[in-house]
Amino acid sequence: FNATGSMRGLVTKSTGSWYQVLGEDGKRYDCRIKGKFRTKGIKTTNPVAVGDWVHFDVEPDLESAVIRELEPRRNYIIRKSVNLSKQTQIIGANLDQAFLVVTLASPPTSLGFIDRFLVTTEAYGIPAVLIFNKLDLFSDEGLEILADYKAIYERIGYPCYEVSALTGKNIDVVKELLQDKITLVSGHSGVGKSTLINAIVPEYGLKTGEISDWSDKGKHTTTFAEMFDLPFEGKLIDTPGIRELGIVDIEKQELSHFFPEMRALMNQCRFNNCRHINEPGCVIMQAVEEGEIESSRYDSYLSIYHNEDSRA
Ligand code: GDP
């Protein structure tokens, strides 16, 4: 505690009305917030998010503590709220990297889904890593398809890893990637995200018991992100129930900036306001034709540009 009785801490859970904060004294506090906490330009359902550094007061006669101050964020990721209020939820703040766990089968992750995730992380300036799981299920043919998928993304600068959360194959490599970092882990349900986290974070399996405790305090608890300590230096943020990150505040004209392979070329288009859709002298369309830009990536660009749903 400092002279005014407040302590600095890291938010490890947030329901929108309750926040769990790991104080610098190493203890966890259940906090409410007091005052206005605004995120520039967006209306959010949770003004304070997992990964935020805050200052809070604990009053001895109160059961809970109160967050009074939010430190500026280095970055954050949001998603659209599931309800129709047009509000957004901040999933995590101050991230070093974001992992997307994907599978080519049971269930397959679509390239469109991967590309939307990557556009989001590009927009927020967060390095992204693709983790291809369920390696143990692949036949020789499957392994070839996997190699093709990986090539699409490695070529444009995204690190790709293949693992089996079930057999433990390459889990050591994932652990190394997590070392000393704050990592958000995302993925379609069924891809094995929980199995993977279980293999890395010992206390993750205990989560269920803890949640029932918390459910009194916010009915949406299970769909909110939560931060876990790794057994080595570093922290991991799980995003249960979060299907898709939001590309909420991206303007259409900016979209090509968030495709690295398009970003590299787009200054060479004949028109400097080229949308890369049907303009003459568009180097992007030419690059797609010549195979220099992957057509699946360009399809994702068009789909996002036209606001199409990726849920297919
Ligand atoms: P989540 O919804 O992404 O958290 O997925 P789960 O971790 O619950 O896993 C979904 C299913 O996939 C479970 O039946 C797991 O046992 C299975 N699974 C997870 N990882 C692997 C893997 O590497 N190989 C295989 N064969 N199955 C896996």
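Note that the structure is a prediction, hence the values are computed from the model and not measured.

Chemist: Pulling in residues and values, what's your account of the site of the ligand?
Modeler: The environment of the ligand is formed by 15 residues, the closest being Asp136, Gly190, Lys193, Ser194 and Thr195. Within the backbone of Val191, one N or O atom sits 3.3 Å away from an oxygen atom of the ligand. Thr195 is positioned such that a nitrogen or oxygen atom in its side chain is 2.6 Å from an oxygen atom of the ligand. A total of 580 Å² of accessible area belongs to the ligand in isolation, and the protein chains cover 70% of it. Among the residues making up the shell around the ligand, the classes are represented as four nonpolar, eight polar and three charged.

Chemist: Quick one: what's the story with the packing of helix H3 (residues 171–178) against helix H4 (residues 193–200), residue by residue and with numbers?
Modeler: The contact between H3 and H4 brings their axes to 10 Å, and the two run at 75°. Looking at the two axes, H3 sits roughly perpendicular to H4. Seen from H3, the contacting residues are Ile171, Val174, Lys175 and Leu178; seen from H4, they are Leu196, Ala199 and Ile200. Residue classes in the contact of H3 with H4 are distributed as six nonpolar, no polar and one charged.

Chemist: Got a sec to walk through the layout of surface pockets? Specific residues and values, please.
Modeler: In this model, the second largest pocket occupies a volume close to 240 Å³. Surrounding the second largest pocket, 15 residues form its lining, Gln253, Asn272, Asn273, Cys274 and His276 being those nearest its centre. Class assignment of the residues belonging to the lining of the second largest pocket gives a composition of six nonpolar, seven polar and two charged.

Chemist: Describe helix H1 (residues 111–123), and please don't skip the residues or the numbers.
Modeler: Between the first and last C-alpha of H1 there are 18 Å, a value that for 13 residues agrees with the 18 Å anticipated at 1.5 Å per step. Inspection of H1 places Leu111, Phe113, Ile114, Asp115, Arg116, Phe117, Leu118, Val119, Thr120 and Thr121 among the buried residues, and these make up the whole buried set. Backbone geometry just downstream of H1 places Gly125 in the positive-phi region, at approximately 65°.

Chemist: A description of the side chain of Lys150 should follow, citing residues and the corresponding values.
Modeler: Checked against the element boundaries, Lys150 lands in helix H2 (residues 140–154). Residue class for Lys150 comes out buried when judged on its relative accessible area of 14%.

Chemist: An account of the pairing of strand S11 (residues 182–187) is requested, with residue identities and associated values reported.
Modeler: Counting buried positions along S11 gives six out of six residues, so the element sits mostly inside the fold. Residues Ile182, Leu184 and Ser186 of S11 are buried on one face, and the alternating residues Thr183, Val185 and Gly187, pointing to the opposite face, are buried as well. The pairing of strand S8 (residues 97–102) with S11 spans five bridges and is parallel. In the strand pairing of S11, Leu100 is matched with Ser186. Here S11 pairs with strand S13 (residues 235–238) via four bridges, running parallel. Looking at the pairing, Thr183 lines up with Leu236 of S13.

Chemist: Can you lay out the pattern of salt bridges for me, pointing to particular residues and giving the numbers?
Modeler: Scanning all chains against the criterion turns up 15 salt bridges. Arg8 is the salt-bridge partner of Glu71, the closest N and O atoms lying 2.7 Å from each other. Of this pair, Glu71 sits in the loop between strand S5 (65–70) and strand S6 (76–80) while Arg8 sits in strand S1 (residues 6–14), and the two are 63 residues apart along the sequence. Residue Arg8 is classed as partly exposed on the basis of its relative accessible area, which comes to 26%. The residue Lys150 makes a salt bridge to Glu162 at a minimum N-O spacing of 3.0 Å. Taken as a pair, Lys150 in helix H2 and Glu162 in strand S10 (residues 160–162) lie far apart in primary sequence, 12 residues in all. Ionic contacts of the salt-bridge type, sharing partners, join the residues Arg8, Glu24 and Glu71 into one network.

Cut-off values and rules
Residues numbered from 1 in each chain as written. Predicted model: local features only at pLDDT ≥ 70, side-chain atom pairs only at ≥ 80, totals over all residues. Heavy atoms only, no water. Near = heavy atom within 4 Å. Polar contact = N/O pair within 3.5 Å; in protein donor to acceptor, adjacent residues only side chain to side chain. Areas by Shrake-Rupley, 256 points an atom, 1.4 Å probe, with all protein chains shown as cover. Nonpolar A, V, L, I, M, F, W, Y, C, P; charged D, E, K, R; others polar. Axes fitted to C-alpha atoms, helices over the stretch in contact; angles between N-to-C directions. Helix = DSSP H or I, 4+ residues; strand = E, 2+ residues; numbered from the N terminus. Parallel < 35°, antiparallel > 145°, perpendicular 65-115°, else oblique. Contact = heavy atoms within 4.5 Å. 1 Å grid on protein atoms, 1.4 Å probe; cavity = no way out; pocket = protein on both sides within 12 Å on 5 of 7 lines; lining within 4 Å. Points joined across faces, edges and corners; volume = space filled by probe spheres on them. Expected span 1.5 Å × (residues − 1). Buried < 20%, exposed > 50% of the residue type's maximum accessible area, 1.4 Å probe, protein only. Pairing = 2+ DSSP bridges. Salt bridge = Lys/Arg side-chain N within 4 Å of Asp/Glu carboxyl O.

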